[in-house]
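Single-letter residue listing:
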Amino acid sequence: MTQSPGQGNALDNLLTESRTFPPSDEFAAQANAQPALYEEAKADREAFWAKQAERLHWDTKWDQVLDWSGAPFAKWFVGGKLNVAYNCVDRHVESGHGDQVAIHWEGEPGDSRAITYAELQREVSKAANALTSLGIGAEDRVAIYMPMVPEAIFAMLACARVGAMHSVVFGGFSAEALRTRIEDSACRLVITTDGQYRRGNPAPLKPAVDEAVAGAPSVEKVIVVKRTDTEVAWTDKDVWWHELVDSQSDQHTPEAFDSEHPLFILYTSGTTGKPKGILHTSGGYLTQASYTHNYVFDLKPDTDVYWCTADIGWVTGHSYIVYGPLSNRVTQVVYEGTPNTPHEGRHWEIVQKYGVSIYYTAPTLIRTFMKWGADIPAKYDLSSLRVLGSVGEPINPEAWIWYRENVGGGKAPIVDTWWQTETGAIMISPLPGVVSTKPGSAQRPLPGIGAKVVNDEGVEVEHGGGGYLVLDEPWPSMLRGIWGDEERYRDTYWSRFGEQGFYFAGDGAKYDADGDIWLLGRVDDVMNVSGHRISTTEVESALVSHPTVAEAAVVGASDDTTGQGIVAFVILRGGAGADAGGAEAIKALRDHVAKEIGPIAKPRQIMVVPELPKTRSGKIMRRLLRDVAENRTVGDVTTLADSSVMDLISAGLQSGKAED
Ligand code: PRX
C-alpha cells in the first residue's frame, strides 16, 4: 500500500532551500542543551536515558534501564515505581513552588483563571478522591471528552494519580466516533462538559455524550462539568462535577505504580476505518516527555511563560501541555478558544498579556496567520518570545520564514519537531542554541534517539537521497502496543522492515547534503489535514454509509492552508434520484461525514463520478485521483483495468455540477 516517497514536486522545492540560521552567542551560552549532549548519548545510550529518568521522582528505583527481549514490546526502567501525577504536581509544591502559577487559563469569552501548583494539587486530589468514590482505580478506562477547560487537565492528572487510564477523545469528534472509542476500550466513566465555547457562542457537548453512552453499555457514570450553563438532558448515570468533586477532601496520598503501568490510550487514524488505540505507559513516557520539553524548548521554569496551542484531544496536548511541561514545573498559558475569536489578533494579545516566551503551534495555523496578514501580529508586543515551535506536518520554508520574522522578531530559534502519537514525545528536532536551523527541516534525531532514512530494502540512503523514515532503536516513550490488537501493532509498525527490526513511521523523508532530515509527508493512505491524521478509508466508510452512495474514493490533495484537503469521489446508487448530485445533496454528504466522524473530516470537495479508476485487481488508484484533485495532468494509466475511466471522470468534472 505504500507509494514511493517524495512524489510530486515537494522534494524539488525543498532542494532549493539552503538558508541556515545559526544560534546567537547569547542564546547558545544560556541554552539548556549543549553540543556534548549528542556525544554523551552516543557514548552510552542506556546510561544517557537513565540520567534523563533522574529528572523524575521515583519511589523505587529501576533495576534495568531497558528490556527489549520481548520486542517489539519494550519495557523501560524495569522494576521502577513512580506516580506520574505526583511528578507533575505535588513535588513542585513540596520543593517550595506552591505559589508558582502552573496554568494561566484564558477562556474564549475573556474569563481567566490563574492556577498555582498548590491549587492544582488540591484540584487533582479532589478529583482523584472523586474517582475513587466511584470505584475507579488502577487500569480502569476513563473517557475524557472535553473542551480546553482546566478540569480537563485535572481529570487527566486525577486518572494518572489513581492509576486509571484516560482515553481523551477530541471534543470535535462526533457522538459515533466517541461511542466507538468508548466501546473499544470499555470505558467505565466519561468526563465531559455541558457545552463548549466555539467562535464566541456556547455549543452543546453533552448531547453527543448522551448519544454515545446510550450505545456503550460499559459506561456506568458520566461526570459533567458546568462550563456554558447550557440546559442539558439528565440521565441517572450523570453527576455534576461541582457536586461530586467539590465535596471531596483536597488531601490525597498518591500511590506509586510500576514504570510500565499503563497511563493512557489515545486513538489515532490508521490505514483502515478503525482507529487505533495507542497505548502509553508511565516511567519511560514521562522521562522522554520531560527530557524533550526541557531541551527542545529550552525551558527555564523560573522565568519562562510557555504556550502550546494544541488541544488536549491530541497527543501534543498530552505530552506538551500536561505531562512534559508540568513535570518540568512550567508556568503555561492554556487557551480555550479559536484563534480568531473575537478577532484575528487573539493569540498575540495573549502573548502580550502573559509575556509568553515559548510558543508551540502547527504549520496550518502559521499559514492562516500569514493569510490574515503580518500587520496583525505587528500591532502587539511580542518581544517576550524567545523560542518558537512547530509540529504536526511539514512546515514549508515560506511559513517558517514568516513565523521567524513576524512572530519571532527575526531572532527566536524555531524548532520543527517531528514525532507521532505513537512515539509519545519529540524524536527529531533541532536543539535550540546548538543546531543551526534550516527552514523546513526537522533536521536530526534528538540525543538518545535513532532515526534513519532508508530505501525499499531497508538500507540507509546516501546524503541527498530520499526514502522512508524509520526508527532504529527503541525509545522510552514508544507506544507499548495498540489496545486489544497485538497483530495490528506488529503489522503496522514492525513488518515493513521486520528483518532489520526497524519501526516504520509511515513518513517519507530525505537527507540533504549535510545529512539533515526533511520530512515529505505520509506514504500510506493517511491524510494530514491541519496537522490531524485522518485515514482515507475512514472517510470512505462514512460516505458509503449514506444511502445515496454506492462507492467512494478519498484522497488528500495539497492545500495552501491545511497542508492537505480531503477530496472525495463518489459514485451514486442507481436509485439515488435525479437531484442526488446537486449542491444540496453534496452538502448533505459533507454533513453526513461530519456526523459520522466529526467536522474535521468533512471533505473540502466532493465530486460525483460515473466510475473510479481501478487496477485489474480492483484496487483504487488514488494516485490518478490525486492528479485530478490537484488539477494536474493525469499520470500513467497503463495499470488501469479500463483506461477510458479517467476520460469519463474528467468529462464529468467539466460539466461543473459535481463540485461542492
Ligand atoms: O506525518 C507526520 C506528521 O504527523 C504524523 C503524526 O501525526 P500524529 O500522530 O497525529 O501526531 C501529530 C503531533 C505529533 C507524522 O507521521 N508530522 C508530525 N510532526 C511533523 C510531521 N511531519 C513533518 N514535520 C513535522 N514536524
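Keep in mind that this is a model prediction, so the values were computed, not measured.

So, how was this worked out
- Residues numbered from 1 in each chain as written.
- Predicted model: local features only at pLDDT ≥ 70, side-chain atom pairs only at ≥ 80, totals over all residues.
- Heavy atoms only, no water.
- pLDDT = per-residue confidence, 0-100.
- Contact = heavy atoms within 4.5 Å.
- Helix = DSSP H or I, 4+ residues; strand = E, 2+ residues; numbered from the N terminus.
- Buried < 20%, exposed > 50% of the residue type's maximum accessible area, 1.4 Å probe, protein only.
- Axes fitted to C-alpha atoms, helices over the stretch in contact; angles between N-to-C directions.
- Parallel < 35°, antiparallel > 145°, perpendicular 65-115°, else oblique.
- Left-handed = near helix turned anticlockwise from the far one by under 90°.
- Nonpolar A, V, L, I, M, F, W, Y, C, P; charged D, E, K, R; others polar.
- Core = buried A, V, L, I, M, F, W, Y, C linked by side-chain atoms within 4.5 Å.
- Salt bridge = Lys/Arg side-chain N within 4 Å of Asp/Glu carboxyl O.
- Pairing = 2+ DSSP bridges.
- Disulfide = S-S within 2.5 Å.
- Domains from an automatic or database assignment.
- Buried area = accessible area lost by both parts, 1.4 Å probe.
- Polar contact = N/O pair within 3.5 Å; in protein donor to acceptor, adjacent residues only side chain to side chain.

Caption draft 1: The confidence of the model for the chain, seen in detail. Overall, the prediction assigns the chain a mean pLDDT of 93, with 96% of residues at 70 or greater. Contacts for the low-pLDDT stretch residues 1–10, under 50 throughout, to residues beyond four places or in other chains number 22 contacts. The low-confidence segment residues 654–660, where pLDDT is below 50, has 12 contacts with residues more than four positions distant or belonging to other chains.

Caption draft 2: Region of the structure containing unusual backbone geometry. Cis rather than trans, the peptide bond between Ala71 and Pro72 has omega equal to 5°. Mapped onto the elements of the fold, Pro72 is located in the loop between strand 1 (64–67) and strand 2 (75–78). Cis peptide bonds are those with omega within 30 degrees of zero, and the linkage from Thr341 to Pro342 qualifies with -5°. Mapped onto the fold, Pro342 is located in the loop between strand 17 (332–335) and helix 13 (346–354). Positive phi values are uncommon outside glycine, yet Asp298 reaches one of about 55°. Assignment of secondary structure puts Asp298 in the loop between helix 11 (283–296) and strand 16 (306–308). Asp298 gets classed as buried once you look at its relative accessible area, which sits at 0%. The backbone of Ser530 shows a phi angle near 50°, a positive value even though the residue is not glycine. In this fold, Ser530 is placed in the loop between strand 25 (526–529) and strand 26 (532–535). Judged by its relative accessible area of 24%, Ser530 falls in the partly exposed class.

Caption draft 3: Region of the structure containing the packing of helix 7 (residues 150–162) against helix 12 (residues 315–327). Put simply, helix 7 and helix 12 touch, their axes get as near as 12 Å, and they point 60° apart. By the angle between their directions, the pair helix 7 and helix 12 is classed as oblique. Between helix 7 and helix 12 lies a crossing of right-handed hand. In contact with Ile153, Met156, Leu157 and Ala160 of helix 7, helix 12 contributes His318, Ile321, Val322, Tyr323 and Leu326. Among the residues forming the contact of helix 7 with helix 12, the class breakdown is eight nonpolar, one polar and no charged.

Caption draft 4: Seen up close, the nonpolar core. By size, the foremost hydrophobic cluster in this structure holds 117 residues, and its most contacted members are Leu120, Leu157, Ile191, Tyr323 and Leu326. Discounting chain neighbours no more than four positions away, the residues touching Leu157 are Ala85, Cys88, Val89, Leu120, Val124, Val322, Tyr323 and Leu326.

Caption draft 5: Region of interest: the pattern of salt bridges. Under the counting rule described, the total for this entry stands at 45 salt bridges. Arg346 serves as the salt-bridge partner of Glu106, at 3.3 Å between the closest nitrogen and oxygen. Of this pair, Glu106 sits in strand 4 (residues 101–106) while Arg346 sits in helix 13, and the two are 240 residues apart along the sequence. Side by side, Glu106 and Arg346 carry an identical accessibility label, which is buried. Here Lys276 and Glu422 are joined by a salt bridge, their closest N and O atoms 3.6 Å apart. Taken together, the residues span a long stretch of sequence, with Lys276 in strand 15 (residues 276–281) and Glu422 in the loop between strand 20 (414–417) and strand 21 (451–454) at a distance of 146 residues. Judged on exposure class, the residue Lys276 and its partner Glu422 are both buried.

Caption draft 6: Representation of the sheet that holds strand 16 in the model. The mixed open sheet is built from seven strands, whose spatial order is 5-4-17-16-18-19-20. Of all the strands in the sheet, just strand 5 (112–116) and strand 20 have a single pairing partner and so form its edges. On average, each strand axis in the sheet is inclined to that of its neighbour by 20°, with strand direction left out of account. The strands touched by helix 6 (residues 117–133) are strand 4 and strand 5; relative to strand 5, the strand with the most contacts, the crossing angle is about 90°.

Caption draft 7: View of the state of the cysteines. All told, the structure shown has zero disulfides when counted by the stated rule. With no disulfide of its own, Cys88 lies 13 Å from the sulfur of Cys159, the closest cysteine sulfur. Take Cys308: it sits in no disulfide, and the sulfur closest to it among the cysteines is that of Cys88, at 15 Å.

Caption draft 8: Spatial organisation of the domain arrangement of the chain. For the chain, the assigned domains read domain 1 (85–255) and domain 2 (526–651). Placing a centre on the C-alpha atoms of domain 1 and another on those of domain 2 gives a separation of 37 Å. Taken together, the eight residues of domain 1 in the interface contact eight residues of domain 2. Roughly 500 Å² of surface becomes buried between domain 1 and domain 2 when both sides are summed, with 53% attributable to carbon and sulfur atoms. At the boundary of domain 1 with domain 2, the tally comes to one salt bridge. Between Lys595 and Glu211 there is a salt bridge; the shortest N-O distance is 3.5 Å. The tally of links between domain 1 and domain 2 comes to four residue pairs in polar contact (both at pLDDT 80 or more). Tallied by class, residues from the side of domain 1 that touches domain 2 come to three nonpolar, two polar and three charged.

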